[in-house]
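One-letter residues, chain by chain:
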Amino acid sequence: MAALEFRSPSRAELREFFEPVVSAYGLDATDDDYRYEELTYEDGRSIGALDDGVWVGGAGAYSFDVTVPGGDQVGASGVTMVGVAPTHRRRGVLTTMMRWLHDDAVRRGEPLAVLTASEASIYRRFGYGVATDDARITVPSRAVVFDPPLQVDGRFRRLDPHQDTSTLADVYEQVRLRRTGWFNRGAGWWERLRLDPTDARAGASKLFAVVHEDASGAPDGFATWRISQNHVDNRVADDTVVLDELVALDADVELAIWQFLAGIDLTTTISWNGAPMDLPLRWRMVEPRQLHLRGRSDWMWARLLDVPAALAARRYLVAGDLVVHVDDAFHPAAAGTYRLKGSPDGAECERVDDARPDLSLGAPELGAIYLGGVAPSLYATAGRIVEHAPGALERADAMFVTHPAPYCPLMF
Ligand SMILES: CC(C)(COP(=O)(O)OP(=O)(O)OC[C@H]1O[C@@H](n2cnc3c(N)ncnc32)[C@H](O)[C@@H]1OP(=O)(O)O)[C@@H](O)C(=O)NCCC(=O)NCCS
């Protein structure tokens, strides 16, 4: 069998390049679906495999700035659109592409790589760990009753996301700079909302949006949602608000938006597939048990490509020093022993290969604890972090874990 050729596609080849990737997900892509992908496509950040001149696999990346604990942004390669044709699976195509994507991210000076995964079994071997979880929740609209009652000045303004997304982009930009796990969204990401392809609707309505404005008229939150209709067939009002995004500058505005959604006529349920794990809603409801957790899943995976740069960019809940040894078979340049001095005000991290480590861990575990979504001690109980110096795990827990839990607001 002739060797496969690996190269980046040109703009003119994009549809042929995307085809095996889209098909690997079992999708029957329409022109709108291709356009949707093209809107956020970045030239020079994709790699694919050709067999005898035909694309048989591909993968790409976005240039993200991910907000880390403390509020700084870290350059990240947002790995995306990964697929290999069933005729060419398990021949190392993905492995070659991941190596290219990591090398490319290093050339661009990105200390981090992140992705959302179709299966949780794929990416650990490439050094990724689960950095954020998300929740599938439903809430009966009648249960959105608060104690104490909510008093928020302001008003709601309906907005057609197919016409104008600039207000949504402005609010998002303010919020994402304050929230761990969120990333920048350029114009193409908002164009995607305007396109709103049928596939993205999953049988529900087009996208609706509302903006909340404070007493001075400044936008401080928004929600986008679809309606899943039942009332026409059932002749009773029992439609569902399928929440797509809820973005708010503070918790009161967020709660006001929940109240707004709960009041939409003909609907009796709000569902959200992709909610943050930590929701103020639950702790303000009179009956918190009515917030039903239908599922919980790994969401954003992370791996560090430049350990000192990434660890020094975040802040730590309490001041402390740790020496950690990192194993990284897939990206050996990141393997080594590092001394971290972290605090709520800043951090320093340097390579100290001769020092005795307090903790040893693999690249996936470092990626998992990086945004503070899971306690290092939990990974130790699972046998994946080893403590060499007594007390080091307790110190690592106190330093790394963040509240609220990190959240990634989008699939990418
Ligand atoms: C997942 C996918 C991209 C893997 O591509 P591939 O070229 O077959 O992967 P490779 O041959 O490089 O596999 C490398 C290793 O990962 C393992 N692996 C690959 N896919 C895996 C999966 N889905 N589950 C578990 N292990 C997997 C392989 O067995 C191999 O292990 P080995 O090194 O011990 O032999 C491909 O199966 C695919 O397109 N799947 C459908 C679409 C999809 O899920 N894409 C990922 C989106 S996030």
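Residues numbered from 1 in each chain as written. Predicted model: local features only at pLDDT ≥ 70, side-chain atom pairs only at ≥ 80, totals over all residues.

Here we look at the overall build of the chain
Item 1. The number of helices and strands found in the chain is 13 helices and 19 strands.
Item 2. Considered along the principal axes of its C-alpha atoms, the chain spans approximately 65 × 55 × 35 Å.
Item 3. The buried share among the 412 residues of the chain stands at 42%.
Item 4. Within the chain, counting contacts between residues at least 6 apart in sequence, those at least 24 apart form 72% of the total. (Helix = DSSP H or I, 4+ residues; strand = E, 2+ residues; numbered from the N terminus. Buried ≥ 20, exposed ≤ 12 C-beta atoms within 10 Å, placed from the backbone. Contact = placed C-beta atoms within 7 Å.)

Looking at the domain arrangement of the chain
Item 1. Under the domain assignment, the chain is made up of domain 1 (5-110), domain 2 (135-297) and domain 3 (310-400).
Item 2. One C-alpha centre belongs to domain 1, the other to domain 2, and the line joining them spans 30 Å.
Item 3. Contacts between the two partners involve 15 residues from domain 1 and, on the opposite side, 17 residues from domain 2.
Item 4. Among the elements of the structure, α2 (31-40) and β3 (54-67) are those that each provide at least two residues to the side of domain 1 that touches domain 2.
Item 5. At 6 residues, α2 tops the list of elements feeding residues into the side of domain 1 that touches domain 2.
Item 6. Tallied by class, residues from the side of domain 1 that touches domain 2 come to 6 nonpolar, 5 polar and 4 charged. (Domains from an automatic or database assignment. Nonpolar A, V, L, I, M, F, W, Y, C, P; charged D, E, K, R; others polar.)

Brief notes about the site of the ligand
Item 1. In the vicinity of the ligand there are 18 residues, among which A24, V93, L94, T95 and S118 approach most closely.
Item 2. Among the secondary structure elements, those contributing two or more residues to the shell around the ligand are β4 (73-84) and α3 (93-107). (Near = placed C-beta within 6 Å.)

What to know about α3
Think of an α-helix as 3.6 residues a turn; residues three or four steps apart then line up on the same face.
Item 1. Across its 15 residues, α3 extends 21 Å between first and last C-alpha, which sits within 8% of the 21 Å expected from 1.5 Å per residue.
Item 2. Where α3 is concerned, the buried positions are V93, L94, M97, M98, L101, H102 and A105. Buried residues of α3, viewed axially, fall in a sector of 160 degrees; they line one side.
Item 3. Buried residues along α3 sit in contact with β2 (47-51), β3, β4 and β5 (112-116).
Item 4. Phi for G109, located one or two positions after α3, is positive at around 75 degrees. (Expected span 1.5 Å × (residues − 1). Arc of directions from axis to C-beta.)

Description of helix α8 (residues 251-262)
Item 1. Along its 12 residues, α8 runs 17 Å from first to last C-alpha, staying within 8% of the 16 Å computed at 1.5 Å per residue.
Item 2. Within the span of α8, buried status applies to V253, E254, L255, A256, I257, W258 and L261.
Item 3. At its buried positions, α8 is contacted by β9 (208-213), β10 (219-228), β11 (239-248), β12 (267-275) and α9 (280-284).

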